[in-house]
Amino acid sequence: MTNSIGANADRLLPADPGTRQIARELLAEVEHLPIISPHGHVPADWIADNAPFPDPTALIVSPDHYVTRLIHASGVPLEQLRVGPGPYSVDSRTAWRHFAEAWPLFDGTASGYWLRSSFQHVFGLPGDVVDGLGADNADAVYDAIAAKLAEPGFRPRELFTDFGIEVLATTDDPLDTLEAHARIAADEAFTGRVLPTFRPDPYINVAHPEWAERVDRLTAEAGDGVGGYAGYLRALANRRRYFVEHGAVSADHGVRTPLTLKLSAPEAEALFAKARRGEATTSDRDAFEAHMMYEMARLSAEDGLVMTIHPGSFRNHHWPTFEKYGPDTGHDIPFAIDYTVGIRPLLEDFGTAQDFHLVLFTLDETVFSRELAPLAGFYPSVYIGAPWWFLDAPDAMMRFRSAVTETTGFTRTSGFIDDTRAFCSIPARHDASRRVEASFLARLVAEHRVPEARAHEIIVDLVDGSPRRVFKL
Amino acid sequence: MTNSIGANADRLLPADPGTRQIARELLAEVEHLPIISPHGHVPADWIADNAPFPDPTALIVSPDHYVTRLIHASGVPLEQLRVGPGPYSVDSRTAWRHFAEAWPLFDGTASGYWLRSSFQHVFGLPGDVVDGLGADNADAVYDAIAAKLAEPGFRPRELFTDFGIEVLATTDDPLDTLEAHARIAADEAFTGRVLPTFRPDPYINVAHPEWAERVDRLTAEAGDGVGGYAGYLRALANRRRYFVEHGAVSADHGVRTPLTLKLSAPEAEALFAKARRGEATTSDRDAFEAHMMYEMARLSAEDGLVMTIHPGSFRNHHWPTFEKYGPDTGHDIPFAIDYTVGIRPLLEDFGTAQDFHLVLFTLDETVFSRELAPLAGFYPSVYIGAPWWFLDAPDAMMRFRSAVTETTGFTRTSGFIDDTRAFCSIPARHDASRRVEASFLARLVAEHRVPEARAHEIIVDLVDGSPRRVFKL
Amino acid sequence: MTNSIGANADRLLPADPGTRQIARELLAEVEHLPIISPHGHVPADWIADNAPFPDPTALIVSPDHYVTRLIHASGVPLEQLRVGPGPYSVDSRTAWRHFAEAWPLFDGTASGYWLRSSFQHVFGLPGDVVDGLGADNADAVYDAIAAKLAEPGFRPRELFTDFGIEVLATTDDPLDTLEAHARIAADEAFTGRVLPTFRPDPYINVAHPEWAERVDRLTAEAGDGVGGYAGYLRALANRRRYFVEHGAVSADHGVRTPLTLKLSAPEAEALFAKARRGEATTSDRDAFEAHMMYEMARLSAEDGLVMTIHPGSFRNHHWPTFEKYGPDTGHDIPFAIDYTVGIRPLLEDFGTAQDFHLVLFTLDETVFSRELAPLAGFYPSVYIGAPWWFLDAPDAMMRFRSAVTETTGFTRTSGFIDDTRAFCSIPARHDASRRVEASFLARLVAEHRVPEARAHEIIVDLVDGSPRRVFKL
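The structure presented is a predicted model; accordingly, all values stated were derived computationally and were not measured. (Residues numbered from 1 in each chain as written. Chains lettered and ligands numbered in written order. Predicted model: local features only at pLDDT ≥ 70, side-chain atom pairs only at ≥ 80, totals over all residues.)

Asks: What exactly am I supposed to notice about the overall build of chain A here?
Replies: On a plain count of helices and strands, chain A comes out with 21 helices and nine strands. Its C-alpha atoms give chain A a radius of gyration of 23 Å, within 12% of the compact-globule value 23 Å for 473 residues. Projected onto its principal axes, the C-alpha coordinates of chain A cover approximately 70 × 60 × 45 Å. Counting across all 473 residues of chain A, residues that qualify as buried make up 58%. Within chain A, counting contacts between residues at least 6 apart in sequence, those at least 24 apart form 76% of the total. (Helix = DSSP H or I, 4+ residues; strand = E, 2+ residues; numbered from the N terminus. Rg over C-alpha atoms; globule rule 2.2 N^0.38 Å. Buried ≥ 20, exposed ≤ 12 C-beta atoms within 10 Å, placed from the backbone. Contact = placed C-beta atoms within 7 Å.)

Here you go:
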């Protein structure tokens, strides 16, 4: 028996003893299945190079905006956590001490759960050390983790294997050579699959500061000599094909809203030209982006890349922080979105298209029962994206299943998406998700709503079948 | 003891043993009370003619868009389920096989619960046969149900009585002669009440393709010789009176949004004329519909018909499906609505009107705690409509009670509404609702928030008192 | 053992026996801690004068729009409850009888819980008398309460002490002399702290019928002889300082929406002048109010008053009721709001300002997980306001903790706010909140998500630490 919650076999399982017992048995079906991660942000270089991870701060704290944001909210400047391009006034160990002192802030949070889990299960720290993380033992824990990182077993590929990862998708620029992916694929000694994902946001979002420059480069490099809007579309199609050839299964789109629009070719061309001249208004930009979502769906219906949409985040909400530290520094804030009206032009033409898969994510929970479940419950092409970002947490995942299941059952959701750059948290995230699935299903069994034998089949399908089917793996 | 979840006496009751015991006792109070169904879509002809139901597919699958939509999402064309006007390339038995093969899609869904329940409780199929419905036993189950449908005890009136239905409201066109209702009422051997409901949507919604034509017919048939807007209003009032004389207790309105508007007579007349000329803009149409909701409230305050509003569904979302299969084919998709601002003009004038009852439904759950509970907790005329459509499911009904009770208690909700054309699912739907009410109340008793003796009174009022009171039955 | 739910030691605690036991122990940590009430509506005069309370109706029914609204919804005119300025056609005892007869309406409501609790715990009524409140015992209960109110121990200051109140904030007009507060502070025999709160709404909301008149008075009295917009701003700053000198810790803003706007001085001045001339359009008014929120933040960052924002209520929804009975009569109805975009201009400049505290409240629950948790999880100045008004109820408070904790943990919320003018309900409200905190934390302990020892620390911080820290007490 252990008092450590991170190691407790029943963690995240429901309190009611009868339901917990059902959940335990359901969990046993999937606890050790391989990890399939069809969307995330781990750099392919890490796996390709297999260099040792740097210090604990650089691995665990500085790049993880889930972690740095909450410490920032408590009054610690991001610079003290070595966020952003630097130079920094503090060394890694000092930044780690800030983190250790802030440890109680993470009680009850998803990040706290993942950190605790990786400290105990990946780095082997005792539960009481993790519980008591703080000023007193900050240095000792830093040293312990640093020592582990120096061991050969803690190189990226070794962890990849230890974590039981079968597939890991990265997120990549359309002009990326995918050289790292090629190196990994070419190494027969390493059996894990590391797949690129086509993410063209800065080439599509006219408001992006580098849009024009990137569009020029894209067209020059991949437009087959064609210029203008036609060359731009040609180049996007060509680069998508290149990604497909290098193993990509999906194209991801981080858009402001789920708006889609079907413009005529002349209309689109005129907007494109206006934007290239730097004259696009805000509504021009929205219209162009909405139209490009339609175009991306058209290309996905042709080349087979699963289309995933991540809308509804106000990026870089605090401009002074963005200017000093850059993007992805903890102040992307969700807002209310509409899918029903916005996605309609796209679905009119591609909602029943053969083999077209469209995975719709949301940070606005109200959309789950109101819009996504009804959409996915009719359109063969639509799948409901798993709870994402702030919603990737036990209670939120439970609310998600409760919100969508009664309308769509268990076959129209994407499977778990970890969406992370925090490599060491991947097992904890998938483990948490599996525990929530077991808990949700256990309640349905306890309430005599799903036969227990079926629940055992369903959980395997949720964990293993859904991501393979939805992402064509 | 049975392993069959459909027959389990504790189905849908909470897992905690203490709470479950309280719920069982609460359920016992209401489990066998008569069914009162003040809003639904069963055709009156079925009861009037009392003809045998056709085959299982025509009864259970093809007309139920809750069922066909999820099979469609899995890739089966609606035509293969004999949806729409036909002709069909498959016979009923083949369509049934598609359904049987799709059976696992319904695990965890409300439709799955109702189907399972009617298979076991109405058609007497054994639990293991229902659990194992699929390609292997599709034909056998089809034959078993078809055989039942041929029995005299399975005619509509016999089922009506067996189901314990006391009142069943239909939904009818304003120009319906209500001849079927009259026939039923005239038959002294049949004691069930089958009441018409006045549903004037196509006469009010200018965007409806037949609006002008229907308005002309309405005015010609019931306008007392008066033309134009005045004749139109007169005809609506006359037909409402005709419905009242034939037993109607409510008028139902399926509108796009809950917007209401009080126009002056000249303004309304001008809009009407513009619409009749086919020149109404989108905002003209919205204004006219909003104004007509105000007018319908005015008439309800006069003639006593309970006014029910069902807003917030984007009808016929996938136009190609609508064109091929018609309306009500599974792609009406909810969107976010506002009641607080929109309904205000109507409530300003009729919110405290004597004996005016207004039942407000929503498909946007966020409205329950934010708008409907506060509105119904102040205005004597406002009642909160029961969870409807996608929300008519155990978890969603629980969320509803949790969202509204703390603000309005148990006296301001409409009572359960099955809103269905799936006749054989009616007992299962009411049974599920009663189980959820028992479960919700049991938790409040277990948490010492409602005295147990009061909970026994409250559940009877929720199931039996509320619908009688709200719908003036 | 008692059957009375109001006196049951386990009231509001979770049903599952194991979780309940954990909750009991957590509750024991905080059950008897002093009450800190940093926002409410009890008049300071009551405490300063320490006069006996008038009759039961005037104390418990007429001024509490939570209570009168639900009785009104059942068809009793507000006049019969002695709401508004009078004269009334009924005496207090008759109004009380209406209340007693309406008692079953309150089953399951937050108001019912508070009333029951104060009847039993403050007035010492037996549980069965409270359970059976109605026509039969209305007079006897009235007399019993009236007798208590005549006792010396039932004067406001004695109750203040009995209730264990340490700090009670009132809500005050900027031109209030704060004489009552001064009297209380000067009395060394009374150790309770009664603090004023600066609430400038009618001076900022141009739509307020008395805006121009009030602005003139404000500027004349406190503008240091300066006129126009500059004098107006000067006067606001001066009165804020006056409040600070009299113990105020916060400034509260009841605005329509959370919109903020940074106008240039000339733009603001022009809008102000236009509004003073009575020529402001609706969008002018919105812009001016949004700008003034920015200005209030600027002043808060200077003078240290915690800024609290209460948006999203459509005030005086039923105009005929407002005209007859005045404001705060039960028909302020919430609507959907946006914080992410609206609050941004303010946060751009003050989101990381030293010692600036901004507490954001909402009546739209969807904002908790989607916007407030992410905002408070990044900006050091932002705290999430406790569930307010219709959301100040057990289930709603549970949904709140579930919605925000996984993103922000337990350190970014305001602590409980009773926000009430119902003085005798204050202990019941704080008690209910503590029971909900214990129940929420108990589940996290039972699910092995928070170590039990930490939960014991966290609950003390939620109840006692948070309000002191957030409100600088």
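Back to the write-up after that little detour.
Asks: Mind showing me how you'd approach the packing of helix α18 (residues 366–376) of chain A against helix α19 (residues 394–408) of chain A here?
Replies: Axes are the key here: two packed helices are described by the angle between their axes and the distance separating the axes. Residues and elements named next belong to chain A. Viewed as axis vectors pointing N to C, α18 and α19 meet at an angle of 40°, and their least axial separation amounts to 9 Å. When the axes of α18 and α19 are compared, the pair comes out oblique. Like other packed secondary-structure pairs, α18 and α19 cross with a definite hand, here right-handed. On the side of α18, the interface is formed by F368, S369, L372, A373, P374 and A376, while α19 contributes F400, A403, V404, T407 and T408. Residue classes in the contact of α18 with α19 are distributed as eight nonpolar, three polar and no charged. (Axes fitted to C-alpha atoms, helices over the stretch in contact; angles between N-to-C directions. Parallel < 35°, antiparallel > 145°, perpendicular 65-115°, else oblique. Left-handed = near helix turned anticlockwise from the far one by under 90°. Nonpolar A, V, L, I, M, F, W, Y, C, P; charged D, E, K, R; others polar.)

Asks: What is the right way to read the domain arrangement of chain A from this model?
Replies: The accessible area lost on association of the parts is a frequent measure of interface size. Residues and elements named next belong to chain A. Taken domain by domain, chain A consists of domain 1 (52–154) and domain 2 (158–470). Each of domain 1 and domain 2 has a C-alpha centre, and these two points are 29 Å apart. Facing 22 residues of domain 1, the contacting portion of domain 2 comprises 20 residues. Breaking the side of domain 1 that touches domain 2 down by element, the ones donating at least two residues are α3 (56–61), α4 (65–73) and α6 (110–121). For the side of domain 1 that touches domain 2, the element with the most residues is α6, which contributes six residues. (Domains from an automatic or database assignment.)

Asks: Sorry if this is basic, but what is going on with the relation of the copies chain A and chain C here?
Replies: A rotation about an axis combined with a shift along that same axis relates the two copies of the chain. If you rotate chain A by 120° and push it 0.0 Å along the axis, it lands on chain C with an RMSD of 0.0 Å. The transformation just described matches what one would write down for a three-fold rotation axis. Closest approach to the rotation axis within chain A is made by the C-alpha atom of D16(A), at a distance of 3.6 Å. A distinct binding surface is used by each copy, with only 5% of the interface residues of chain A retained as interface residues in chain C. (Least-squares fit on C-alpha atoms with pLDDT ≥ 70 in both.)

Asks: Would you take a moment to explain the interface of chain A and chain B for this structure?
Replies: Each side of the interface is counted separately: chain A has 41 residues, and chain B has 40 residues. Considering each element in turn, the side of chain A that touches chain B owes the most residues, eight residues, to α18(A). Here the residues of the side of chain A that touches chain B sort into 15 nonpolar, 14 polar and twelve charged.

Asks: Explain the environment of V306(C) here, please?
Replies: Residues and elements named next belong to chain C. Relative to the elements of secondary structure, V306 occurs in strand β5 (residues 306–309). Classification of V306 by C-beta neighbours within 10 Å gives buried; the count is 25. Along the backbone, V306 and K472 are 166 residues apart, and their C-alpha atoms lie at a distance of 7.9 Å.

Asks: Teacher, can you tell me more about the environment of R412(C) here?
Replies: All names here are of chain C. Looking at where R412 falls in the secondary structure, it is placed in the loop between α19 (394–408) and α20 (426–446). On the basis of neighbour counts, which here come to 26 C-beta atoms within 10 Å, the residue R412 falls in the buried class. Residues R412 and F400, twelve residues apart in the sequence, show an inter-C-alpha distance of 13 Å.

Asks: Mind showing me how you'd approach the relation of the copies chain A and chain B here?
Replies: Between the two copies, chain A and chain B, the superposition gives an RMSD of 0.0 Å; the rotation angle is 120° and the shift along the axis is 0.0 Å. Little of the interface of chain A is mirrored in chain B, where only 5% of its interface residues are also at the interface.

Asks: For this particular structure, what's the right way to read the confidence of the model for chain A?
Replies: Mean pLDDT for chain A: 97, with 99% of residues reaching 70 or above. For this predicted complex, the interface confidence reaches an ipTM of 0.97, while the overall pTM sits at 0.97. (pLDDT = per-residue confidence, 0-100.)

Asks: Could you clarify how one ought to interpret the interface of chain A and chain C in this entry?
Replies: Taken residue by residue, the interface counts 40 residues in chain A and 41 residues in chain C. Counting only elements with at least two residues in the side of chain A that touches chain C, the list comes to α4, α6, β7 (333–334) and α19 of chain A. Of the residues forming the side of chain A that touches chain C, the biggest block, four residues, is contributed by α4(A). Residue composition of the side of chain A that touches chain C, grouped by class: 20 nonpolar, eleven polar and nine charged.

Asks: What should I look at first to understand the nonpolar core in this one?
Replies: Counting residues in hydrophobic clusters, the biggest one holds 464 residues, and the most contacted among them are L372(A), L441(A), L372(B), L441(B), L372(C) and L441(C). Non-local contacts of L441(B), meaning those with residues more than four positions away in its chain, are made with L26(B), V450(B), A455(B), I458(B) and I459(B). (Core = buried A, V, L, I, M, F, W, Y, C linked by C-beta atoms within 7 Å.)

Asks: Can you walk me through the packing of helix α14 (residues 265–276) of chain B against helix α15 (residues 282–303) of chain B in this structure?
Replies: All names here are of chain B. Between α14 and α15, the shortest axis-to-axis distance is 10 Å and the interhelical angle comes to 130°. By the angle between their directions, the pair α14 and α15 is classed as oblique. The two elements α14 and α15 meet at a crossing, and its hand is left-handed. Between α14, through A268, L271, F272, K274 and A275, and α15, the contact on the second element is made entirely by D284, A287, F288 and H291.

Asks: Mind showing me how you'd approach the sheet that holds strand β2 (residues 165–169) of chain C here?
Replies: Strands belonging to one sheet form pairs held by backbone hydrogen bonds; the direction of such a pair is parallel or antiparallel. All names here are of chain C. Strand order in the open sheet made by the three strands is β1-β2-β3, with parallel pairing throughout. Looking at which strands have only one partner, the edges of the open sheet turn out to be β1 (35–37) and β3 (193–195). Averaged over all pairs of adjacent strands, the angle between their axes in this sheet comes to 10°, without regard to strand direction. Here β2 pairs with β3 via three bridges, running parallel. Along β3, the bridge assignment pairs L168 with V194. (Pairing = 2+ DSSP bridges.)

Asks: What exactly am I supposed to notice about the pairing of strand β2 (residues 165–169) of chain A here?
Replies: Along any regular strand, the residues point their side chains to alternate faces of the sheet. As judged from the three bridges shared by strand β1 (residues 35–37) of chain A and β2(A), these two strands associate in the parallel manner. Paired with I36(A) across the strands is V167(A), a residue of β2(A).

Asks: Is there a simple way to explain α19(C) in this structure?
Replies: An ideal rise of 1.5 Å per residue puts 21 Å on 15 residues; α19(C) measures up with 21 Å between its terminal C-alpha atoms. At the C-terminal side of α19(C), G409(C) shows a positive phi close to 70°. (Expected span 1.5 Å × (residues − 1).)

Asks: I tried to follow the sheet that holds β2(A) on my own but got confused; where do I start?
Replies: Residue and element names in this part refer to chain A. Spatial strand order, β1-β2-β3: three strands in an open sheet with parallel pairing. Two strands close off the open sheet at either side, each with one partner strand: β1 and β3 (193–195). Across the sheet, the mean angle from the axis of one strand to that of its neighbour is 10°, orientation sign disregarded.

Asks: Where do I start with the pairing of strand β5 (residues 306–309) of chain A in this structure?
Replies: Residue and element names in this part refer to chain A. Alternating residues of β5 divide into V306 and T308 and M307 and I309, and every residue in both groups is buried. Pairing of strand β4 (residues 250–253) with β5 involves four bridges; the strand directions are parallel. Following the sheet pairing, S250 is matched in β5 by V306. In terms of strand pairing, β5 meets strand β8 (residues 358–360) through three bridges, oriented parallel. For M307, the partnering residue across the bridge sits in β8 and is L358.

Asks: Would you mind going over helix α5 (residues 92–101) of chain B with me for this structure?
Replies: For an α-helix, the turn length of 3.6 residues means that residues three or four places apart are oriented alike. For α5(B), every residue scored as buried is listed here: A95(B), W96(B), H98(B), F99(B) and A100(B). Buried residues along α5(B) sit in contact with α3 (56–61), α4 (65–73) and α8 (138–150) of chain B.

Asks: I would appreciate a short explanation of the environment of R116(B) in the present structure.
Replies: Residue and element names in this part refer to chain B. Of note, R116 is situated in helix α6 (residues 110–121). The exposure class of R116 is buried, given the 26 C-beta atoms found within 10 Å. Once the C-alpha coordinates of R116 and A7 are considered, the two residues, 109 residues apart in sequence, prove to be 9.2 Å apart. Setting aside residues no more than four positions away along its own chain, R116 makes contact with G6 and V130.

Asks: Explain unusual backbone geometry here, please?
Replies: Negative phi is the rule for most residues except glycine; trans is the rule for most peptide bonds. In this chain, G86(A) is followed by P87(A) through a cis amide linkage whose omega measures 0°. With respect to the helices and strands, the residue P87(A) is situated in the loop between α4 and α5 (92–101). Residues other than glycine seldom take positive phi values, yet L178(B) does so here, at roughly 60°. Relative to the helices and strands, L178(B) is located in the loop between β2 (165–169) and α10 (179–186). In the Ramachandran plot, H448(B) falls in the positive-phi region, its phi being about 60° despite a non-glycine side chain.

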